[in-house]
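# Topology and contacts: notes
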Amino acid sequence: MLAILAITFPFFALVLCGYLAVRRHLLPQLAIPGLNSFVLYFALPCLLYRFGSTTPLTQLLDAGLFGVYLLCALATVGLAMLVTLRRAGWNDGAFGALVAAFPNTGFMGVPLLLALLGPRSSGPVIVALVVDLVITTSLCIALSRLGPAGGQSSAAALRNALAGMLRNPMPWAILLGALASGVGLVLPAPLMKTVSLLADAASPVALFSIGAVLARSQMNASGATALADVVPIALIKLLIHPLLLLAIGHAAIGLGIPIDPAALTVLVLVACLPSASNVALLTERFGADTGRVARIILVSTALSFLSFSAAVSLLT
């Protein structure tokens, strides 16, 4: 356990550094969008491209893993919606569901799992990213428009969500990496060196940016949020989501579906990650309770330092 904590501690410490930098006004809030843009449009796409291009295509197109992860994501969304709709409307319920089902795979999971498990984690991580970026996010945005405050039909919201997904560089980086892997394309050395330099910057800047976003959301939140609106969703993210994956994944293996147990372990660890920090940005855009979502992300990130390390100790 101490050996695992020695690996995970620097990642969470970088999140804390970003948080303290904003709270202590060492980093102005106006600089945070620039950090996020660097990670989203430059560093992380290069990291995902490198992941995809060096991963065998069979691992990227694993239908069994895709189906199990998608089923568990949908079940988590449904459970979180039931919990939240008792106290809030469709808009807050949908983003509560998204923050419960969407792990921080891009900004935290990719570098953390690579450090823990090596290159064998890349295939399952990319499968999880595709499901969450393309399906889970689009579904929850569409659900958020169902209530009277939505202002548009769920079909229109789904179209807008898909349009936003198409503008997101991460799925395109994964697709280009998969194509490069499939055809055996190797970039020229100077271009690959540029990609590698940007990819290497993704981990520290992304983790620092997570902390900065959490601090900004907390500082700008209006009013307090009841623990009953925060803790259950954080526990669904950190406990129920990975347990669902563990149970349904092993049930699928028992039914004869060809799933590599090691790949399933990676997916379970992905589900053990805290909530994705970009959900708070989506709540600002769609008029949901950003303070509540930011607190869920903050609580899940703080708790996951121990819960994620314990899961790694138990599963690997």
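See the structure printed just above.
Presented here is an overview of the structure given in this document. (Residues numbered from 1 in each chain as written. Predicted model: local features only at pLDDT ≥ 70, side-chain atom pairs only at ≥ 80, totals over all residues. Heavy atoms only, no water.)

## What to know about the environment of alanine 43
Considering the arrangement of structural elements, one finds alanine 43 in helix 2 (residues 32-53). Of the residues examined, alanine 43 reaches a relative accessible area of 0% and is grouped as buried. For the pair alanine 43 and leucine 255, spaced 212 residues apart in sequence, the C-alpha to C-alpha distance is 40 Å. In this view, alanine 43 contacts Phe38, Leu198, Ala199, Ala201 and Ala202; residues no more than four positions away in its chain are not counted. (Helix = DSSP H or I, 4+ residues; strand = E, 2+ residues; numbered from the N terminus. Buried < 20%, exposed > 50% of the residue type's maximum accessible area, 1.4 Å probe, protein only. Contact = heavy atoms within 4.5 Å.)

## A look at unusual backbone geometry
The backbone of histidine 25 sits at a positive phi, close to 65°, despite the residue not being glycine. Of note, histidine 25 is situated in the loop between helix 1 (2-23) and helix 2. The exposed category is assigned to histidine 25, whose relative accessible area is 62%.

## Some remarks on the packing of aromatic side chains
In total, this model carries three aromatic pairs according to the counting rule given. Pairing phenylalanine 38 with phenylalanine 42 gives two aromatic rings, centres 6.4 Å apart and planes at 20°, and the pair type is stacked. Of the two residues, phenylalanine 38 and phenylalanine 42 both sit in helix 2, four residues apart, roughly one turn of that helix. Phenylalanine 42 sits in the partly exposed class, given a relative accessible area of 48%. Chaining the aromatic ring pairs together yields one cluster made of Phe9, Phe12 and Phe305. (Phe/Tyr/Trp six-rings, centres within 6.5 Å; stacked < 30°, edge-to-face > 60°.)

## A closer look at the environment of proline 171
Relative to the assigned elements, proline 171 resides in helix 9 (residues 169-183). C-alpha separation for the pair proline 171 and valine 186, spaced 15 residues apart in sequence, amounts to 20 Å.

## Concerning the state of the cysteines
On inspection of all chains with the given rule, the structure shows zero disulfides. Of the cysteine sulfurs around cysteine 140, a residue in no disulfide, the closest is that of cysteine 72, at 15 Å. The buried category is assigned to cysteine 140, whose relative accessible area is 0%. (Disulfide = S-S within 2.5 Å.)

## Focus on the packing of helix 7 (residues 122-144) against helix 9
Two quantities define a packed helix pair, namely the angle between the helix axes and the distance between the axes. Relative to each other, helix 7 and helix 9 sit at 140°, their axes nearing to 10 Å. Classified by the angle their axes make, helix 7 and helix 9 are oblique. Between helix 7 and helix 9 the crossing geometry is left-handed. Contacts between helix 7 and helix 9 pair Ile126, Leu129, Val130 and Leu133 from the former with Met170, Pro171 and Ile174 from the latter. Of the residues that constitute the contact of helix 7 with helix 9, the class distribution is seven nonpolar, no polar and no charged. (Axes fitted to C-alpha atoms, helices over the stretch in contact; angles between N-to-C directions. Parallel < 35°, antiparallel > 145°, perpendicular 65-115°, else oblique. Left-handed = near helix turned anticlockwise from the far one by under 90°. Nonpolar A, V, L, I, M, F, W, Y, C, P; charged D, E, K, R; others polar.)

## Details of the nonpolar core
Residues Leu48, Phe95, Met108, Leu112, Leu113, Val279 and Phe308 are the most contacted members of the largest nonpolar core, which totals 95 residues. Setting aside residues no more than four positions away along its own chain, valine 279 makes contact with Phe95, Leu98, Val99, Phe102 and Val293. (Core = buried A, V, L, I, M, F, W, Y, C linked by side-chain atoms within 4.5 Å.)

## Description of the packing of helix 2 against helix 6 (residues 105-117)
One way to put it is that helix 2 packs onto helix 6 with a least axis distance of 11 Å and a crossing angle of 40°. Between helix 2 and helix 6, the crossing angle belongs to the class labelled oblique. Our pair here, helix 2 against helix 6, has a crossing hand that is left-handed. Contact residues: helix 2 offers Asn36, Val39, Leu44, Leu47, Leu48 and Phe51, while helix 6 offers Gly106, Phe107, Val110 and Leu114. Classifying every residue of the contact of helix 2 with helix 6 gives eight nonpolar, two polar and no charged.

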